[in-house]
Amino acid sequence: MFGEPGLGSKLEVLENSLNQKKGDSFSLSAKKMEGFEGASGAEGLFDLSRLNLNNQSLDTISEKRRKDTRQLYLCYNRMTILPESICLFSNLEFLDVSNNTLSVICEDITRLTKLKTLIAKNNRLTEFSLPKEFGSLQLEVLNLSGNRFEEVPSQCLQLLKLQSLSLGGNRLKSIPAEIESLTSLELLYLGGNQISSIPAELANLPFLSYLVLCDNRIQSVPPTLNRLHSLRSLSLHNNLLTYLPREILSLVQLQELSLRGNPLVVRFIKDMTYDPPSLLELAGRTVKSRNLLYSPKDLPSHLVNYLDMASKCPNPKCAGVYFDSCVRHIKFVDFCGKYRLPLMHYLCSPECTSPCSSNPQSDADSDDDNSVPADRLQRVLLG
């Protein structure tokens, strides 16, 4: 229509309008920051959440305020990169940058030598987002849940003082064996990923008390977890578990076990797949079951080692042993007099029938059934 401005003119007007709005927004944020900076609050706490701040906004904060800040909240803003000026908060101990759109953590964060807690939930971080020297920080708490990690960053495995690590709601497919280097770890949260197995090395964490592996694709629990003597809570709900290892009974500190949402077997199952024992195993079984004495003087060292590796059949009515040939066997054990958990047993032969096989629903299957006092597990969550 005649007299109507052209497309170029319209875009120019629109761009000017947007720039004006951005300028107004920045001015408003700056004014809000000035107000927060002058306001009195908890000593050392500086909350700049929900102020629409961008990557440059921290540059306007006074030197005194930076020096006095111990806890800094930058949640729900518009930051895409943690700004380099973060290093000017030289006494910072706690930093929360959750719910931004962060894709990069700047190298300057490694200059925060007093930083103990870093929370960066719900951003866009990946294993390539952390600086190379991130592992030099003295962090005790690290929360990177709700990001885009496909593997646990190697820098995180260098944080030897770390007590709490949260990487839930990411895209992790595995737990690295190097997790065992975090020997101070007390809480490990890896729920809501795509993890399919638990490495045996996880059992080398002496102080681990809370282990969350829910909402993954885990099909089995390694027996070695019985070495987690400090474990108090184990969350395994919404996985693909059909049984638990018998060794879980030795977790004497365990108070909470969550198993709901797993395809746990609901009736007695007996796997009769059985490879006949070799001549070597038959001979070894005879030596062990008859308590025949042997020593390095009588046998080659490899045979002595082989005999020493014999496993006793768990059936209390059987005195036999096995080496490589055994029968997988699911047995139900009572917990707290209310729940029956399917535990994996290994029998020495198909003829070695467990007491529970004749009546799988009996409450008096064996001594194992009553070996777990009610106070051992305060909560077993199956439904």
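Residues numbered from 1 in each chain as written. Predicted model: local features only at pLDDT ≥ 70, side-chain atom pairs only at ≥ 80, totals over all residues. Heavy atoms only, no water.

Draft legend 1. Just the overall build of the chain, in detail. Within the chain, the secondary structure is distributed over 4 helices and 18 strands. When each of the 383 residues of the chain is scored for burial, the buried share is 45%. Nonlocal contacts in the chain, meaning residues at least 24 apart in sequence, comprise 42% of its contacts between residues at least 6 apart. (Helix = DSSP H or I, 4+ residues; strand = E, 2+ residues; numbered from the N terminus. Buried < 20%, exposed > 50% of the residue type's maximum accessible area, 1.4 Å probe, protein only. Contact = heavy atoms within 4.5 Å.)

Draft legend 2. Broad picture of unusual backbone geometry. One non-glycine residue, Tyr76, lies in positive phi territory at about 55°. Summarising the element assignment, Tyr76 is placed in the loop between β2 (71-73) and β3 (81-82). Owing to a relative accessible area of 40%, Tyr76 belongs among the partly exposed residues under this scheme.

Draft legend 3. Spatial organisation of helix α3 (residues 279-289). Regarding α3, the residues found buried are Glu281, Gly284 and Arg285. End-on view of α3: buried residues confined to an arc of 100°, all on one side of the axis. Against the buried residues of α3 lie α4 (301-308) and β15 (321-322). Phi turns positive one or two residues past the end of α3, at Asn291, with a value near 55°. (Arc of directions from axis to C-beta.)

Draft legend 4. Summary view of the pattern of salt bridges. Here the structure, examined in full by the defined rule, presents 2 salt bridges. Note that Arg111 and Asp108 form a salt bridge whose closest N and O atoms lie 3.4 Å from each other. Residue Arg111 is classed as exposed on the basis of its relative accessible area of 53%. Judged by its relative accessible area of 17%, Asp108 falls in the buried class. (Salt bridge = Lys/Arg side-chain N within 4 Å of Asp/Glu carboxyl O.)

Draft legend 5. Up close: the confidence of the model for the chain. Across the chain, the average pLDDT comes to 80, with 72% of residues at or above 70. Low pLDDT (under 50) marks residues 1-8, which in the prediction has 2 contacts with non-local residues, meaning those over four places away or in another chain. A low-confidence stretch, residues 354-370 stays under pLDDT 50, and its non-local contacts, those more than four residues away or across chains, total 35 contacts. (pLDDT = per-residue confidence, 0-100.)

Draft legend 6. Expanded view of the state of the cysteines. For the structure shown, the criterion picks out 0 disulfides. Cys87 carries a free sulfur, and the closest cysteine sulfur to it, the one in Cys106, is 7.1 Å from it. Accessibility expressed as a relative area gives 8% for Cys106, which makes it buried. (Disulfide = S-S within 2.5 Å.)

Draft legend 7. Quick look at α4. Among all positions in α4, only Val304, Tyr306 and Leu307 are buried. Taken down its axis, α4 places every buried residue within 160° of arc, on the same side. In α4, the exposed positions angled more than 90 degrees off the buried face are occupied by Ser301, His302 and Asp308. Tucked into the core, α4 has its buried residues touching α3.

Draft legend 8. Summary view of the nonpolar core. By size, the foremost hydrophobic cluster in this structure holds 68 residues, and its most contacted members are Ile86, Leu95, Ile109 and Leu142. Once you skip the residues sitting within four places of it in the chain, Ile109 turns out to touch Leu82, Ile86, Leu95, Leu115, Leu118, Pro131, Phe134 and Leu137. (Core = buried A, V, L, I, M, F, W, Y, C linked by side-chain atoms within 4.5 Å.)

Draft legend 9. Molecular detail of the environment of Arg246. Examined against the element boundaries, Arg246 turns out to sit in the loop between β12 (244-245) and β13 (256-258). Take Arg246: its relative accessible area is 28%, and that puts it in the partly exposed class. Considering only alpha carbons, one finds Arg246 and Pro314, 68 residues apart in sequence, at a separation of 9.9 Å.

Draft legend 10. Quick look at the packing of aromatic side chains. The tally for this structure, following the rule as stated, stands at 1 aromatic pair. Judged by centre distance (5.2 Å) and plane angle (40°), the ring pair of Tyr73 and Phe94 falls under tilted. Linking Tyr73 in strand β2 with Phe94 in strand β4 (residues 94-96), this pair joins segments that are 21 residues apart in sequence. One Lys or Arg, Arg50, reaches over the ring of Tyr76 and ends 3.9 Å from the middle of that ring. (Phe/Tyr/Trp six-rings, centres within 6.5 Å; stacked < 30°, edge-to-face > 60°. Lys NZ or Arg CZ within 6 Å of the ring centre and 35° of its normal.)

Draft legend 11. Layout of the environment of Leu95. Structurally, Leu95 is set in strand β4. Take Leu95: its relative accessible area is 0%, and that puts it in the buried class. Sequence spacing of Leu95 and Thr117 is 22 residues, and the spatial spacing of their C-alpha atoms is 6.2 Å. Not counting residues within four places of it along the chain, the set of residues in contact with Leu95 comprises Leu72, Leu74, Leu82, Ile86, Ile109, Leu115, Thr117, Leu118 and Ile119.

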